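Chain by chain, the residues:
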Amino acid sequence: EGEGPYVAQGSEDLRLRLWDARAMAVAQTLGPPYTYFPLCAAVTESGAAVVTGSNGFEGSGCALRVVDRRTGGVLVERRAHDQAVTSCTV
């Protein structure tokens, strides 16, 4: 793995990829912790976690998650949205 800075990318294959922006290469692939693909993602300043928002419809799959970059595990999940989560920031 590179040392960052990282750019997060969610995709329809239900995986989350972290790109090393300096090396312009995939540094890590996480997943699939998703049933619905992530529409937005933001990496914490430390690079230790990634916040994602997922696609969904009528409350199903419409979730905000904080994913631990080291383990790939979900640290926090909030399902309070009725529609897709299309933007997130840290």
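Here the structure is shown first, and the text comes after it.
As a convention, each chain's residues are numbered from 1 in the sequence order in which they are written. Selection of residues for local features in this predicted model requires a pLDDT of at least 70, selection of side-chain atom pairs for listing and counting requires 80 or more, and totals for whole chains, interfaces and linings are taken over all residues. For side-chain calculations, the full set of non-hydrogen atoms in the structure is used, while hydrogens and water are omitted.

**Let's talk about the overall build of the protein chain**
The condition is simple: Runs of H or I in DSSP of at least four residues are treated as helices and runs of E of at least two as strands, each being numbered from the N terminus. Radius of gyration means the value over C-alpha atoms here, while the globule rule gives 2.2 Å times the residue count to the 0.38 power. Per-residue accessibility takes into account occlusion by the displayed protein chains alone, with areas from the Shrake-Rupley method and a 1.4 Å probe. Neither His nor the chain ends is counted toward charge; the positive residues are Lys and Arg and the negative residues Asp and Glu. Working definition for charges: the position is that of NZ of Lys, CZ of Arg, CG of Asp or CD of Glu.
Scanning the protein chain from terminus to terminus reveals zero helices and seven strands. Traced from its N-terminal end to its C-terminal end, the protein chain shows the element sequence β-β-β-β-β-β-β. Relative to a compact globule of 90 residues, whose C-alpha radius of gyration would be 12 Å, the protein chain shows 12 Å and is just as compact. About 5,200 Å² of surface is accessible on the protein chain, with carbon and sulfur atoms providing 49% of the total. The average position of the 8 basic charges and that of the 10 acidic charges among the side chains of the protein chain differ by 3 Å.

**What about the environment of A63?**
To keep things clear, this is the line we draw: We call two residues in contact whenever any of their non-hydrogen atoms come within 4.5 Å of each other.
By the secondary structure assignment, A63 is in the loop between β5 (49-54) and β6 (64-68). Along the backbone, A63 and R78 are 15 residues apart, and their C-alpha atoms lie at a distance of 5.6 Å. In this view, A63 contacts T52, G53, S54, E77, R78, R79 and V85; residues no more than four positions away in its chain are not counted.

**Describing the nonpolar core**
Rules: Note on terminology: a nonpolar core comprises buried Ala, Val, Leu, Ile, Met, Phe, Trp, Tyr and Cys residues joined through side-chain atoms within 4.5 Å. Exposed residues in this analysis have more than 50% of their type's maximum accessible area, buried residues have under 20%, and partly exposed residues fall in between, with area computed by a 1.4 Å probe over protein chains only.
Counting ten residues, the largest nonpolar core consists of Y6, A8, L16, L18, A27, L30, Y34, V43, V50 and V67. Within the residue set of this core, elements represented by two or more residues are β1 (6-10), β2 (16-20) and β3 (25-30). By size, the runner-up hydrophobic cluster in this structure holds five residues, among which are C40, V51, V85 and C88.

**A short note on the pattern of salt bridges**
Applicable threshold: Any Lys or Arg side-chain nitrogen found within 4 Å of a carboxyl oxygen on Asp or Glu counts as a salt bridge.
The tally for this structure, following the rule as stated, stands at three salt bridges. With a shortest N-O distance of 2.6 Å, E77 and R65 are connected by a salt bridge. Taken as a pair, E77 in strand β7 (residues 74-78) and R65 in strand β6 lie far apart in primary sequence, twelve residues in all. When its relative accessible area of 33% is taken as the criterion, E77 is described as partly exposed. Residue R65 is classed as buried on the basis of its relative accessible area of 4%. One salt bridge in this structure joins E77 and R79, with 3.3 Å as the shortest N-O distance.

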